[in-house]
Amino acid sequence: MRYQKLGKSDLNASVVSFGTWGIGGGSVWSDQNPGVSDVERLLDTAKDLGINYIDTAPVYGTGVSEELLGKALKNGRRNHFLLQTKCSLNWRNEGGNFHYERDGYTVENDTSAKAVRRDVEDSLRRMQTDYLDLIVVHYVCKDWPVEETMGALQDMVKEGKIRAIGLSNSKPADLDAYEQFGPVALVQEQYSLLAPYHGEAYFPTTKKHDTVFQVYGALEEGFLTAPDYVDRTFPKGDVRGKLPWIHEPIKGAIHDLFRVMEPLTEKYHCTYSNLVQAWTLQQYPNLNLLTGFRRPETMVNTCKSLDIVLTDEDAALLSEAAKPAQVRELDK
């Protein structure tokens, strides 16, 4: 495992981080509902592999992901991990901007001082912990002043409830604005071989502020793991059924991309996932690879990506082959 310092904080994190969106279940991830013992196995596998960094959020299963983690992190496991969750999205019906309705809940986005403090307190309770290593503003919102949001978060840093702050679903100008009121350890943003534009635009700003760029969606919810995955169908509400990869002509372009990748998997003795993740890691030096895990074997396979170094020619070949399937905006 490789490790990196998260921005200007004193947090030393594994380059591969454990994403827990999938363990929240619900209609978003409809094909599996892990229990506490499943999450315990995942955490133990992560520890064995040197993964020390977990990402979750209150809205992953509307509290389910955090509650499962809270139970599974008992018996000394909490001490082995950096625990990151988020604020701003809640379903308390206390106001804010409408974000979505799902599984009987109305989720609103609220970055007011009162709301983000309540979010942190709720997460501490659900995960049965005294502190959070990182809190990430889940969706940056312009309806409350940055100074107010960061003021509340910085107060909680002083209180020992959180150790560092990050942003997600933001733009470079947002990082500039937040940095005026305190250090931002990371930005967590969509970036993949099929949707590289946002990251490419963001990299100069993260470099300027010495901020880690944490990638989510590198494997596009599984669509870059195998050719037959592209042909799957998903029930209504499942996030994968909303993505453009299931529709022509993009679907055909992804199959063409797999035909380019196939000989490269033989050359590098790796899976399609390894190849895509190795490409991702080589795009920016201060990058953290956030990957959703629901099975220990997937976690083991992902870590093999750290040992693959693509030639410049092969990396460029993948970039070029992906262009017919690329999109600029994704709705997840």
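As shown above, the structure is provided for reference.
## Quick word on the packing of aromatic side chains
For the structure on display, the rule yields 13 aromatic pairs. Centre to centre, the rings of Phe18 and Phe293 are 5.9 Å apart; their planes meet at 45°, and the pair counts as tilted. One end of the pair, Phe18, is in strand β3 (residues 16–19); the other, Phe293, is in the loop between β13 (287–292) and α9 (296–303), and 275 residues separate them in sequence. Across the pair, exposure class does not vary: Phe18 and Phe293 are buried alike. A centroid spacing of 6.2 Å and a plane angle of 70° characterise the contact between Trp91 and Tyr105, whose relative ring orientation is edge-to-face. Here Tyr105 lies in strand β8 (residues 105–109) and Trp91 lies in the loop between β6 (89–90) and β7 (97–102), a separation of 14 residues in the sequence. Residue Tyr105 is classed as partly exposed on the basis of its relative accessible area, which comes to 35%. Through successive ring pairs, a cluster of aromatic residues spans Tyr191, Tyr202, Phe203, Phe213, Trp279 and Tyr284. Lying over the aromatic face of Tyr197, Arg328 brings its terminal NZ or CZ to 3.9 Å of the ring centre.

## So, the pattern of salt bridges
Inspection of every chain in the model, using the stated rule, returns 25 salt bridges. The salt bridge involving Arg92 is made with Asp122; its shortest N-O contact spans 3.2 Å. Note that Arg92 is positioned in the loop between β6 and β7 and Asp122 in helix α3 (residues 113–126), a separation of 30 residues in sequence. Looking at Asp122, the relative accessible area reads 10%, which means it is buried. Here Glu121 makes a salt bridge to Lys161, at a shortest N to O gap of 2.4 Å. Of this pair, Glu121 sits in helix α3 while Lys161 sits in the loop between α4 (146–158) and β10 (162–168), and the two are 40 residues apart along the sequence. Classification of Glu121 by relative accessible area gives partly exposed; the value is 30%. The network of salt bridges with common partners includes Arg92, Glu94, Arg118, Asp119, Asp122 and Arg125.

## Structural notes on the packing of α3 against α4
Axis separation between α3 and α4 bottoms out at 8 Å; the angle between their running directions is 35°. Judged by the sense of rotation from one axis to the other, the crossing of α3 with α4 is right-handed. Facing Ala113, Val116, Arg117 and Val120 of α3, the residues of α4 in contact are Glu148, Thr149, Ala152, Leu153, Asp155 and Met156. Tallied by class, the residues present in the contact of α3 with α4 amount to six nonpolar, one polar and three charged.

So, how was this worked out
Residues numbered from 1 in each chain as written. Predicted model: local features only at pLDDT ≥ 70, side-chain atom pairs only at ≥ 80, totals over all residues. Heavy atoms only, no water. Phe/Tyr/Trp six-rings, centres within 6.5 Å; stacked < 30°, edge-to-face > 60°. Helix = DSSP H or I, 4+ residues; strand = E, 2+ residues; numbered from the N terminus. Buried < 20%, exposed > 50% of the residue type's maximum accessible area, 1.4 Å probe, protein only. Lys NZ or Arg CZ within 6 Å of the ring centre and 35° of its normal. Salt bridge = Lys/Arg side-chain N within 4 Å of Asp/Glu carboxyl O. Axes fitted to C-alpha atoms, helices over the stretch in contact; angles between N-to-C directions. Left-handed = near helix turned anticlockwise from the far one by under 90°. Contact = heavy atoms within 4.5 Å. Nonpolar A, V, L, I, M, F, W, Y, C, P; charged D, E, K, R; others polar.

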